[in-house]
Amino acid sequence: MSRIGRMPITVPAGVDVKIGENNAVTVKGPKGTLSQQLHPEMKIEMNAGEINIIRPSEQKKHKALHGLTRSLLANMVTGVTEGFQKELEINGVGYRAQMQGKKLVLNLGYSHPVEMDEVAGIEIEVPAPNKIIVRGADKQLVGHVAANIREKRLPEPYKGKGIKYATEHIRRKEGKAGKAKG
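Scope of this entry: the structure provided in the associated data block. Everything quoted here is computed from the prediction, not taken from an experiment. Position numbers for residues start from 1 in each chain and track the written sequence from start to end. A pLDDT threshold of at least 70 governs which residues receive local features in this predicted model, and a stricter bar of 80 or more applies before side-chain atom pairs are shown or counted, although totals over entire chains, interfaces and linings include all residues. Side-chain calculation: all heavy atoms of the structure are included, whereas hydrogens and water are not.

### So, the sheet that holds strand β12 (residues 131-136)
Only strands joined by at least two bridges in the DSSP assignment are considered to pair. Helix numbers and strand numbers start at the N terminus; a helix is a DSSP run of H or I with at least 4 residues, a strand a run of E with at least 2. With antiparallel pairing, the four strands of this open sheet are ordered in space as β11-β12-β7-β13. Both edges of this open sheet fall to β11 (122-128) and β13 (162-165), since each of them pairs with a single strand only. Each strand of the sheet is rotated relative to its neighbour by a mean of 25°, with strand direction disregarded. Summarising the sheet, strand β7 (residues 84-91) and β13 pair through four bridges and their orientation is antiparallel. Across the sheet, isoleucine 90 pairs through a bridge with isoleucine 163, a residue of β13. Two residues qualify as a contact provided that any one of their heavy atoms is within 4.5 Å of a heavy atom in the partner residue. The axes are straight lines fitted to the C-alpha atoms, using for helices just the contacting stretch, and the angles between their N-to-C directions are given from 0 to 180°. Packing against the sheet, helix α2 (residues 139-151) makes contact with β7, β11, β12 and β13, and its axis sits at approximately 10° to β7.

This is the structure we're talking about:
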């Protein structure tokens, strides 16, 4: 049996979970509201402040959906209570980020500044010119926005210039070797 799928999800106080028909789940909490259509074959039970996911059979498809459904639901509950965040770092001479109103403006060595509009449900913060923090309730959307920002100037392996995640380690390469004399 799936180890992840059989773990119950505890619903904290102040969080309201509604399970509609065909597993349309809506979770409301202090950080916002998330709704998602989960696979209709999975059975979602809510009792005494806990959510349990039950799979209908031992088929390979149902085993895979069991853990996935539980993870998606757990991320929704975590998102509306604590939220998610990704930190990005900018490395490079003259590379910097700043907020202008609701726009993120990046100077990344191109002939023009790169402007990115704010996405609904996502909060972008620039505490320092070389640091960007992306926050939100939807884990998938936070990751997507952070990946789009990183995509504007991927980190290169020689000098490490570009935008990288704070936890990411860039494998460095040696430069071109000189000719051997002899």
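### Details of the pairing of strand β5 (residues 43-47)
A regular strand places its side chains so that they alternate between the two faces of the sheet. Relative to strand β6 (residues 50-54), β5 runs antiparallel, the two sharing five bridges. Pairing of asparagine 47 across the sheet is with glutamate 50, part of β6. The loop that links β5 with its antiparallel partner β6 comprises two residues; one of these, alanine 48, has a positive phi angle of about 55°.

### Details of the environment of isoleucine 163
Relative to the elements of secondary structure, isoleucine 163 occurs in strand β13. Judged by its relative accessible area of 0%, isoleucine 163 falls in the buried class. Look past the residues within four positions of isoleucine 163 in its chain and what remains in contact with it is Leu88, Glu89, Ile90, Leu106, Leu108, Ile149, Arg150, Arg153, Leu154 and Pro155. Only protein chains enter the accessibility calculation, which uses a 1.4 Å probe; a residue is then buried when its area is under 20% of its type maximum, exposed when over 50%, and partly exposed in between.

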